[in-house]
Amino acid sequence: MLGQRVPVGSALCPQDVATLQYHAPCLAVDCLAQALPVPPHAALILDVACGTGLVAAELQARGFLQLHGVDGSPKMLEQAQARGLYQHLSLCTLGQEPLPSSEGTFDAVLIVGALSDGQVPCSAIPELLRVTKPGGLVCLTTRTNPSNLRYKEALETVLDRLEQAGAWKRLVAWPVDRWELATSELEMGPGTSDRDGFISGIIYLYRKQDMAQEEGVGPSPQPPADL
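Residues numbered from 1 in each chain as written. Predicted model: local features only at pLDDT ≥ 70, side-chain atom pairs only at ≥ 80, totals over all residues. Heavy atoms only, no water.

> I'd like a rundown of the overall build of the chain, residues and numbers included.
For the chain, the helix and strand inventory stands at six helices and seven strands. Burial status across the chain gives 51% buried among its 227 residues. Just so you have it, the chain exposes about 10,200 Å², and 52% of that area is on carbon and sulfur atoms. (Helix = DSSP H or I, 4+ residues; strand = E, 2+ residues; numbered from the N terminus. Buried < 20%, exposed > 50% of the residue type's maximum accessible area, 1.4 Å probe, protein only. Areas by Shrake-Rupley, 256 points an atom, 1.4 Å probe, with all protein chains shown as cover.)

As structure tokens, this is what we get:
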């Protein structure tokens, strides 16, 4: 497989997921579901950079039915629409335009597989927070292999700055060793298992602070058992 360029993150189709053993959508949804304070059927969820609907499929399997998706690719949105997983889909190039939703709309916002160089810029993170309800959750993922470390460092700077400003509180930072199989030699190295060829990743989960009840946040959840 090495040397063949396979789409990453939100651009993957179900066949690619099987080939790459791409675990991020399942793990991110597990992490979110454990911490969400409202029942799944009542939660309004936004899937950012939704691609073909990998995250939505995991959400539906856990009882989440009110799903909205946004993506910057009309072709990805066509495929997502054909799967019938979302109540509403919108075209939006995050980082170049705001999300097409009002402030404080969603119980939870996820962005899985799109936070890396050449995809969604770190500068777009405040938009995820803006459309989340006070007390709602934001779940983000990125890879931690060598080719993505500079982006990860820039991302964590933005995440930490928002937390220091009191905008949200980190609940989980969950490193995952078996994130997906490497698809090129550039992805191999420290952070990649020489034995099985998996690269690593990380899941972040934040709760948007309600400024009037900032001290009333419950205990932080623990991440699900690793693979």
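The structure having been displayed, the exposition proceeds.
> If you had to explain helix H4 (residues 74-83) to someone new, which residues and values would you point to?
Those residues of H4 that fall on the buried side of the exposure criterion are Met76, Leu77 and Ala80. The arc that holds every buried residue of H4, seen down its axis, measures 95 degrees, which confines them to one face. The exposed set on the far side of H4, more than 90 degrees from its buried face, consists of Lys75, Glu78, Gln81 and Ala82. Next to the buried residues of H4 lie strand S2 (66-71) and strand S3 (88-91). Positive backbone phi, approximately 65 degrees, marks Gly84, located one or two places after H4. (Arc of directions from axis to C-beta. Contact = heavy atoms within 4.5 Å.)

> Requested: an account of the nonpolar core, with residues and values cited.
One finds Ile45, Leu59, Leu110 and Leu205 to be the most contacted residues of the largest nonpolar core, which totals 35 residues. When residues of this core are traced back to their parent elements, those giving at least two are helix H2 (24-35), helix H3 (54-61), H4, strand S4 (106-111), strand S5 (132-143), strand S6 (168-181) and strand S7 (198-208). The greatest single-element share of this core, amounting to seven residues, is contributed by H2. (Core = buried A, V, L, I, M, F, W, Y, C linked by side-chain atoms within 4.5 Å.)

> I'd love a proper account of the pattern of salt bridges, names of residues and values included.
Across all of its chains, the model carries six salt bridges by this definition. Taking the shortest distance from any N to any O, the salt bridge between Asp30 and Arg62 comes out at 2.8 Å. One end of the pair, Asp30, is in helix H2; the other, Arg62, is in the loop between H3 and S2, and 32 residues separate them in sequence. The exposure class of Asp30 is partly exposed, given its relative accessible area of 25%. Residues Lys133 and Asp107 are paired through a salt bridge, measuring 3.2 Å at the closest nitrogen-oxygen approach. (Salt bridge = Lys/Arg side-chain N within 4 Å of Asp/Glu carboxyl O.)

> Residues and numbers for the pairing of S4, please.
Remark: a regular strand shows side chains that alternate across the two faces of the sheet. Counting buried residues in S4 gives six out of six residues, a clear majority hidden from the surface. In this structure, strand S1 (residues 44-48) lies alongside S4, joined through four bridges in parallel fashion. Within the sheet, the bridge partner assigned to Asp47 lies in S4 and is Leu110. Two strands pair when backbone bridges link them, and S4 and S5 are joined in this way by five bridges, in the parallel orientation. (Pairing = 2+ DSSP bridges.)

> Account for unusual backbone geometry, naming residues and giving values.
With phi around 55 degrees, Ala49 is a residue other than glycine that occupies positive phi space. Within the element layout of this structure, Ala49 appears in the loop between S1 and H3. The exposure class assigned to Ala49 is buried, which follows from its relative accessible area of 11%.

> Lay out the sheet that holds S7 in plain terms, naming residues and giving numbers.
Reading across from one edge, S3-S2-S1-S4-S5-S7-S6 is the order of the seven strands in this open sheet, with mixed pairing throughout. Here the strands that pair on one side only, and so sit at the sheet edges, are S3 and S6. Geometrically, the sheet is characterised by an average inter-axis angle of 15 degrees between neighbouring strands, direction not taken into account. Packed onto the sheet, H2 meets S4, S5, S6 and S7 and runs at close to 25 degrees relative to S7. (Axes fitted to C-alpha atoms, helices over the stretch in contact; angles between N-to-C directions.)

> Lay out the confidence of the model for the chain in plain terms, naming residues and giving numbers.
Across the chain, pLDDT averages 85, with 78% of residues at or above 70. Overall, residues 1-10 carries pLDDT values under 50, and its contacts beyond four positions in sequence, including any with other chains, amount to 34 contacts. This stretch, residues 213-219, has a pLDDT under 50; its non-local contacts, to residues over four places away or in other chains, come to six contacts. (pLDDT = per-residue confidence, 0-100.)

> Please provide a residue-by-residue account of the packing of H2 against H3, values included.
Relative orientation of the contacting elements H2 and H3 amounts to 45 degrees, with a least axis distance of 9 Å. Classified by the angle their axes make, H2 and H3 are oblique. Where H2 crosses over H3, the handedness of that crossing is right-handed. Only Leu54, Val55, Glu58 and Leu59 of H3 make contact with H2, whose side of the interface consists of Pro25, Cys26, Val29 and Leu32. Taken together, the residues of the contact of H2 with H3 sort by class into seven nonpolar, no polar and one charged. (Parallel < 35°, antiparallel > 145°, perpendicular 65-115°, else oblique. Left-handed = near helix turned anticlockwise from the far one by under 90°. Nonpolar A, V, L, I, M, F, W, Y, C, P; charged D, E, K, R; others polar.)

> For the state of the cysteines, give the residues involved together with the corresponding values.
The final tally for this structure, using the stated rule, is zero disulfides. Cys139 provides the cysteine sulfur closest to Cys31, a residue in no disulfide bond, and the two sulfurs are 5.4 Å apart. Taking relative accessible area as the criterion, Cys31 reaches 1% and is therefore assigned buried. (Disulfide = S-S within 2.5 Å.)

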